[in-house]
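The chain contents come next:
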Amino acid sequence: MGRPATGHTPLRTCRVCRTQSPKHELERWVAVSETETRLDPTYQLPGRGWYTCKQADCSRQAIKVISGQARGLRARRQKQAQATA
Ligand SMILES: [Zn+2]
């Protein structure tokens, strides 16, 4: 009785606390451009996505963590560009 409902539910990892949860229990964030990160309530926006759980702490840190990662990618690209210039 009470089989876990996680059988074929895809799990995603919260980017902030690293807890795994079924996709639809998480919020999806998408980097729509190199400078803009947006909440994706439809889970369908194209682009690089990140998931966070709905704990207040994680929601609060989501933008910071995610935009930091987007910045990291951009900085690395700039560094490469400078190295070859
Ligand atoms: Zn979390």
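To keep things clear, this report deals only with the structure shown in the data block. Counting restarts for each chain, with residues numbered from 1 along the sequence as it is written. Since the coordinates come from a predicted model, pLDDT governs what is reported: local features require at least 70, and pairs of side-chain atoms require 80 or more to be given and counted, while whole-chain, interface and lining totals use all residues.

### Considerations on the sheet that holds strand β5 (residues 48–52)
At least two DSSP bridges between two strands are required for those strands to pair. Per the convention used, a helix needs a DSSP run of H or I reaching at least four residues, while a strand needs a run of E reaching at least two, with both numbered from the N terminus. Within the open sheet, the 3 strands sit side by side as β4-β3-β5. Their pairing is antiparallel. If you trace the sheet from one side to the other, it starts and ends with β4 (37–39) and β5, each paired once. Averaged over neighbouring strand pairs, the angle between their axes works out to 30° when direction is ignored. Here 3 bridges tie strand β3 (residues 27–31) to β4, and the two strands are oriented antiparallel to one another. Across the sheet, residue A31 finds its bridge partner in β4, namely T37. Where helices are involved, their axes are fitted lines through C-alpha atoms of the stretch in contact, as for all axes, and angles between N-to-C directions lie from 0 to 180°.

### Focus: unusual backbone geometry
Trans peptide bonds make up most of the peptide bonds, and negative phi angles are found at most residues other than glycine. The backbone of R18 sits at a positive phi, close to 70°, despite the residue not being glycine. As for its position among the elements, R18 is in the loop between β1 (11–13) and β2 (20–22). We call a residue exposed when 12 or fewer other C-beta atoms sit within 10 Å of its C-beta, buried when the count reaches 20 or more, and partly exposed for counts in between; the C-beta positions come from the backbone. The exposure class of R18 is exposed, given the 9 C-beta atoms found within 10 Å. The backbone phi angle of Y43 is positive, close to 60°, even though this residue is not glycine. In this fold, Y43 is placed in the loop between β4 and β5.

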